[in-house]
Amino acid sequence: MEKYEEKLPEGISLRLYSGNELIFENGGKWLHPLFAAEDFLSGRTFTDLRLHDTVSGTAAAFLAARLGIERVHADMASTGALAVYERFGIKASFGTLVDRILCRTEELFTPDSDPDEVYAELSVRAGRIRT
């Protein structure tokens, strides 16, 4: 994994690129920007998807893999996130690497978790589906 120094601008927590072209950005909190990116991508086709995220934990890495992201830059990444990126062949770089981020979802999943189960649980927690 390579180290990446540039941070996102204030008020922006996620940017999505197709190659070098910015196609989507969001300033939300938690995993909501990734779910918003999923909505944006629905029904659209892009190549060379690249993601720049403020914080990338294990759960965020699973969502990025689901979106078909090919390269991720995270201002801060957990070791669990990097393991998920490696599992799915996603090239990852980061500004700061931490053992784990301070988020409840970081405790729920391991890099070996079932991606469909992760997505279902996160969708419920995000209020996207009701059980």
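Everything below is about the structure shown above.
Residues numbered from 1 in each chain as written. Predicted model: local features only at pLDDT ≥ 70, side-chain atom pairs only at ≥ 80, totals over all residues. Heavy atoms only, no water.

A. Local environment of the overall build of the chain. From N to C terminus, the chain includes five helices and six strands. The C-alpha atoms of the chain give a radius of gyration of 13 Å, which matches the 14 Å a tight globule of 131 residues would have. C-alpha atoms of the chain, sized along the principal axes, occupy 40 × 35 × 30 Å. Across the 131 residues that make up the chain, the buried fraction comes to 47%. Across the chain, every contact between residues at least 6 apart in sequence was considered, and the portion connecting residues at least 24 apart equals 48%. Total accessible area on the chain is roughly 7,200 Å²; 46% of this is exposed by carbon and sulfur atoms. Treating the 15 positive side-chain charges of the chain as one cloud and the 21 negative ones as another, the clouds have centres 3 Å apart. (Helix = DSSP H or I, 4+ residues; strand = E, 2+ residues; numbered from the N terminus. Rg over C-alpha atoms; globule rule 2.2 N^0.38 Å. Buried < 20%, exposed > 50% of the residue type's maximum accessible area, 1.4 Å probe, protein only. Contact = heavy atoms within 4.5 Å. Areas by Shrake-Rupley, 256 points an atom, 1.4 Å probe, with all protein chains shown as cover. Lys, Arg positive; Asp, Glu negative; His and termini not counted. Charge placed at Lys NZ, Arg CZ, Asp CG, Glu CD.)

B. Expanded view of the environment of W30. Relative to the helices and strands, W30 is located in the loop between β3 (21–26) and α1 (32–41). Separated by 12 residues in the primary sequence, W30 and S18 place their C-alpha atoms 23 Å from one another.

C. Quick peek at α1. Most of α1 sits inside the fold, with seven of its 10 residues counted as buried. Burial in α1 covers these residues: P33, L34, F35, A37, E38, F40 and L41. Contacts from the buried residues of α1 go to β2 (14–18), β3, β4 (49–56), α2 (58–67) and α5 (115–125). A positive phi of about 80° marks G43, the residue just after α1.

D. Focus on the side chain of H52. Mapped onto the elements, H52 comes out in strand β4. Separated by 2.8 Å, the side chains of H52 and D75 make a polar contact. (Polar contact = N/O pair within 3.5 Å; in protein donor to acceptor, adjacent residues only side chain to side chain.)

E. Structural context of the packing of α1 against α2. Packing of α1 against α2 leaves a shortest axis separation of 10 Å and a crossing angle of 5°. As judged from the angle between their axes, α1 and α2 are roughly parallel. Here α1 contributes L34, F35, A37, E38 and L41 to the contact with α2, which in turn contributes A60, L63, R66 and L67. Partitioning the contact of α1 with α2 into residue classes produces seven nonpolar, no polar and two charged. (Axes fitted to C-alpha atoms, helices over the stretch in contact; angles between N-to-C directions. Parallel < 35°, antiparallel > 145°, perpendicular 65-115°, else oblique. Nonpolar A, V, L, I, M, F, W, Y, C, P; charged D, E, K, R; others polar.)

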